There are 2 protein chains.
Amino acid sequence: MWHAKSSRADRPVCGFGASTLSFVAMQTESHNFTEQSIVIVGVGLIGGSIAAAVRQRFPECHVIGIGRNQDRLKLATERGLLTEWSDQISAATIPDGSLAIVCLPVGQIAGAVRQLVDADCKLVTDAGSVKACVYEALDDASRGRFIGSHPIAGSEHTGFENADADLFVNRMCVVTPVNAATSNTERIVGFWKSIGSTVQQMSPDAHDRVLALTSHLPHIVAAVMSGCVAAELLPFTGTGFRDTTRIAAGSANLWTSILLGNATHCVASIDAAESLLQKFREAITTGNAATLESLLEMSAQRRRTL
Amino acid sequence: MWHAKSSRADRPVCGFGASTLSFVAMQTESHNFTEQSIVIVGVGLIGGSIAAAVRQRFPECHVIGIGRNQDRLKLATERGLLTEWSDQISAATIPDGSLAIVCLPVGQIAGAVRQLVDADCKLVTDAGSVKACVYEALDDASRGRFIGSHPIAGSEHTGFENADADLFVNRMCVVTPVNAATSNTERIVGFWKSIGSTVQQMSPDAHDRVLALTSHLPHIVAAVMSGCVAAELLPFTGTGFRDTTRIAAGSANLWTSILLGNATHCVASIDAAESLLQKFREAITTGNAATLESLLEMSAQRRRTL
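Residues numbered from 1 in each chain as written. Chains lettered and ligands numbered in written order. Predicted model: local features only at pLDDT ≥ 70, side-chain atom pairs only at ≥ 80, totals over all residues. Heavy atoms only, no water.

## Overview of the overall build of chain A
Logical step 1: The secondary structure content of chain A amounts to 11 helices and nine strands.
Logical step 2: Taking all 306 residues of chain A together, the buried fraction comes to 55%.
Logical step 3: A total accessible area of about 11900 Å² is found for chain A, and carbon and sulfur atoms account for 49% of it. (Helix = DSSP H or I, 4+ residues; strand = E, 2+ residues; numbered from the N terminus. Buried < 20%, exposed > 50% of the residue type's maximum accessible area, 1.4 Å probe, protein only. Areas by Shrake-Rupley, 256 points an atom, 1.4 Å probe, with all protein chains shown as cover.)

Encoded structure:
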């Protein structure tokens, strides 16, 4: 199936359909943006935000959304996030030369990449939070056309209704090319820069090791903190508890696939946290004020640099 | 020494001196507020916010600030937070019938309460985060005139410059009377209600046990998380890390006295966190998706109720 909202000629050029998005023809820095069409597989918060970012900055670019739920895709199209949509990945739904971006949960990325490559898509990236396990799950043909990306941006909210055209502005995006053609890497890096990101290249394993500490451990720690406080004690929490646990409200299903997809590095990051927790425990148990204050001060100084 | 900003007659009634505070004669619910004068020992964020709350709602009440630094006290007076100030606790600086509120770090509260009682202050409360250790450090005479309070409100910021007249609105304040006269307990409860708080009475030990989980553990966990991420990895953190670690930026000195003042319950709360952390570790190590998702879902559901 193939559904265009309208022909290119009569497609509205001055407004998203509804919602909070307002169209501004903001061709700030083009970063040599040359994409004629972007295929987004999975139009949720991240996919929707990529769509919004492209539509706002590059109104001439086709933005094709692919997902399972036709009603949701129609709604995203009505709201101006997509120019076309389809409920399946096939050669007919992917214009020649498209850049495809898979915005699905970690466990579903490799399968979608394989389908895109089978449909003759030449270059595929993703937006997942774990990288090595995706490369491992690809066949050789797919691996040759895939360059992993991880835009470090998000929210505990889900769905394209929460899409934000500026979600990636001034945020880091890690790109993890493995034996990719330089021109393809440049194209992916250029894409993320064109929607506002800063880009850093890293190996998939280095990415996973770093993110286990900077993103996956915070989620575990927030979940542990939330899990430690019984419901009847919640009235005695303050803003500190609220902030510390905010991300624990995220999707348990999504985070299960992230943590299991990066199991080895996540366990190492838990070990690091436990080791430091034991230092706090020891200092409190022994009443060692100097050690406790220096542990707290080290953490405070680091946090204040952000 | 005794320094009045101005006589009652010519004291400005229509504005705080400067800063972000704007005066509104907001006599919302008086809750039978009958205080003629409030003495605040320690005019920092919490003391300053109490001052601001009283000045905004009850402009006829004297608000006397006591601290060590004359320049700071003068500045707080110029900004309209205080009507009078002094750099010492003495009978001459405490009007008859004053309610005194000690807003000092935990380790300094008992000493200040003793001085206030020596200066014949009839009723003293505080705003500290730990309660049992304060009662334990009081002599009998002081214990008879003290009722501990803990307004669960704050910020990682310090100083009266960050004072907020509405800091306590809709926030819980725990009051911990021990053998206190009913009329005195009612007066303290009424005071906190009059500046917007919800009040819950609890024994000092029950307070400390609850707050170890709801407030002190979040600080430890935030500090551990901040401490686990080396400075060179900070560019790879996102909003999740920022929120999870925000409170770790607080004063290491203040938090050392809080954690050591509540050592036994804090260690128990660390044990609870470690036990749950081990469940996450086990589920990730064994690839047990069902268990991991149910652990994450439990935490997510609890967090979503806030």
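## A few points about the interface of chain B and chain A
Many authors give the size of an interface as the accessible area that is lost as the parts come together.
Logical step 1: The interface of chain B with chain A comprises 80 residues on the first partner and 80 residues on the second.
Logical step 2: Both faces considered, chain B and chain A share a buried interface measuring about 7300 Å² in area, 70% of it formed by carbon and sulfur atoms.
Logical step 3: Looking at the side of chain B facing chain A, the largest losses of area belong to Phe236(B), Arg302(B) and Arg303(B), adding up to 11% of the total buried there.
Logical step 4: Run the count over chain B and chain A and you get four salt bridges.
Logical step 5: The closest approach of N and O atoms between Asp271(B) and Arg281(A), which form a salt bridge, is 2.8 Å.
Logical step 6: Remark: the boundary between chain B and chain A carries 28 residue pairs in polar contact (both at pLDDT 80 or more).
Logical step 7: Secondary-structure elements contributing two or more residues to the side of chain B that touches chain A are strand 8 (172-176), helix 7 (204-228), helix 8 (239-245), helix 9 (252-261), helix 10 (263-285) and helix 11 (289-304) of chain B.
Logical step 8: Ranked by residue count, the leading element in the side of chain B that touches chain A is helix 10 of chain B, at 16 residues. (Contact = heavy atoms within 4.5 Å. Buried area = accessible area lost by both parts, 1.4 Å probe. Salt bridge = Lys/Arg side-chain N within 4 Å of Asp/Glu carboxyl O. Polar contact = N/O pair within 3.5 Å; in protein donor to acceptor, adjacent residues only side chain to side chain.)

## Some words on the packing of helix 10 of chain B against helix 11 of chain B
Residue and element names in this part refer to chain B.
Logical step 1: Running from amino to carboxyl end, helix 10 crosses helix 11 at an angle of 145°, the nearest separation of the two axes being 8 Å. In the crossing of helix 10 with helix 11, the sense of the turn from one axis to the other is left-handed. In this structure, helix 10 uses Leu276, Lys279, Phe280, Ala283 and Ile284 to contact helix 11, whose residues at the interface are Thr291, Leu292, Leu295 and Leu296.
Logical step 2: Residues that form the contact of helix 10 with helix 11 fall into these classes: seven nonpolar, one polar and one charged. (Axes fitted to C-alpha atoms, helices over the stretch in contact; angles between N-to-C directions. Left-handed = near helix turned anticlockwise from the far one by under 90°. Nonpolar A, V, L, I, M, F, W, Y, C, P; charged D, E, K, R; others polar.)

## Section: the environment of Ser215(A)
Residue and element names in this part refer to chain A.
Logical step 1: Relative to the elements of secondary structure, Ser215 occurs in helix 7 (residues 204-228).
Logical step 2: The class for Ser215 is buried, based on a relative accessible area of 19%.
Logical step 3: On a C-alpha basis, the gap between Ser215 and Ile152 in space is 8.7 Å, while along the polypeptide they are 63 residues apart.

## Looking at the sheet that holds strand 7 (residues 148-151) of chain A
All names here are of chain A.
Logical step 1: Taken together, the three strands give an open sheet; going across it, the order is 7-8-9, and neighbouring strands pair in mixed fashion. The open sheet has two edge strands with one neighbour each: strand 7 and strand 9 (198-201). In this sheet, adjacent strand axes meet at a mean angle of 20° when their direction is disregarded.
Logical step 2: Pairing of strand 8 (residues 172-176) with strand 9, which is carried by four bridges, proceeds in the parallel orientation. Bridge assignment links Val175 to a residue of strand 9, and that residue is Gln201. (Pairing = 2+ DSSP bridges.)

## Here we look at the sheet that holds strand 7 (residues 148-151) of chain B
Residues and elements named next belong to chain B.
Logical step 1: Across the sheet, three strands lie side by side as 7-8-9; this open sheet has mixed pairing. For this open sheet the edge positions go to strand 7 and strand 9 (198-201), each flanked by a neighbour on one side alone. Strand-to-strand twist of the sheet, defined as the mean angle between neighbouring strand axes without regard to direction, takes the value 20°.
Logical step 2: Contacting strand 7, strand 8 and strand 9, helix 6 (residues 182-194) crosses the sheet at an angle of about 150° to strand 9.

## Considerations on the nonpolar core
Logical step 1: Counting 77 residues, the largest nonpolar core has Phe280(A), Ile284(A) and Phe280(B) as the members making the most contacts within it.
Logical step 2: Every residue in contact with Phe280(A), bar those within four places of it in the chain, is listed here: Leu292(A), Leu295(A), Leu296(A), Ile220(B), Ala223(B), Val224(B) and Ile270(B).
Logical step 3: In this structure, Ala52(B), Cys103(B), Ala127(B) and Ile147(B) belong to the second largest nonpolar core, which totals 39 residues. (Core = buried A, V, L, I, M, F, W, Y, C linked by side-chain atoms within 4.5 Å.)

## What to know about the relation of the copies chain B and chain A
Logical step 1: Structural alignment of chain B on chain A gives an RMSD of 0.1 Å, achieved by rotating through 180° and translating 0.0 Å along the axis. On the angle and the small slide along the axis, the relation comes out as a two-fold axis. Looking at the rotation axis and the C-alpha trace of chain B, the residue lying nearest is Thr244(B), at 2.0 Å.
Logical step 2: Looking at the interface residues of chain B, 100% of them are also at the interface in chain A, so both copies use one shared face. (Least-squares fit on C-alpha atoms with pLDDT ≥ 70 in both.)

## A few points about the side chain of Arg303(B)
Logical step 1: Within the secondary structure, Arg303(B) sits in helix 11.
Logical step 2: Despite being buried, Arg303(B) has no salt bridge partner; Asp243(A) is the closest side chain of opposite charge, sitting 5.9 Å away.
Logical step 3: In this structure Arg303(B) touches Ser226(A), Arg242(A), Thr245(A), Arg246(A) and Ala249(A), once residues within four positions along its chain are discounted. (Lys, Arg positive; Asp, Glu negative; His and termini not counted.)

## Brief notes about the pattern of salt bridges
Pairing is possible between side chains of opposite charge, provided their charged atoms come close.
Residues and elements named next belong to chain A.
Logical step 1: One pass over the structure, following the stated rule, counts 22 salt bridges over all chains.
Logical step 2: A salt bridge links Lys122 to Asp120; its shortest N-O distance comes to 3.1 Å.
Logical step 3: Several salt bridges share partner residues, and in doing so they unite Asp120, Lys122 and Arg145 into one network.

## What to know about the packing of aromatic side chains
Logical step 1: Summed over the entire model, instances satisfying the criterion amount to 10 aromatic pairs over all chains.
Logical step 2: An angle of 5° between the planes, with centres 3.8 Å apart, marks the rings of Phe33(A) and Phe58(A) as stacked. Placement of the pair is Phe33(A) in the loop between strand 1 (3-4) and strand 2 (37-41) and Phe58(A) in the loop between helix 1 (45-57) and strand 3 (62-66), with a sequence separation of 25 residues. Side by side, Phe33(A) and Phe58(A) carry an identical accessibility label, which is buried.
Logical step 3: On the numbers, 5.3 Å between centres and 70° between planes, the contact of Phe191(B) with Trp192(B) is edge-to-face.
Logical step 4: Here Phe191(B) falls in the buried class, since its relative accessible area comes to 2%.
Logical step 5: Aromatic ring contacts, followed pair by pair, group Phe33(A), Phe58(A), Phe168(A), Phe191(A) and Trp192(A) into a single cluster. (Phe/Tyr/Trp six-rings, centres within 6.5 Å; stacked < 30°, edge-to-face > 60°.)

## Remarks on the packing of helix 7 of chain B against helix 9 of chain B
Residues and elements named next belong to chain B.
Logical step 1: It is at 11 Å that the axes of helix 7 and helix 9 come closest, and there the two elements cross at 125°. As summarised for this structure, helix 7 and helix 9 are arranged oblique, according to the angle between their axes. Considering only the axes of helix 7 and helix 9, their crossing is left-handed. Where helix 7 approaches helix 9, its residues Ser215, His216, His219 and Ile220 are matched on the opposing element by Trp255, Ile258 and Leu259.
Logical step 2: Residues that form the contact of helix 7 with helix 9 fall into these classes: four nonpolar, three polar and no charged. (Parallel < 35°, antiparallel > 145°, perpendicular 65-115°, else oblique.)

## Focus on the side chain of His216(B)
Logical step 1: With respect to the helices and strands, His216(B) occurs in helix 7.
Logical step 2: In this structure the side chain of His216(B) is engaged in a polar contact, spanning 3.2 Å, whose partner is the backbone oxygen of Ser129(B).

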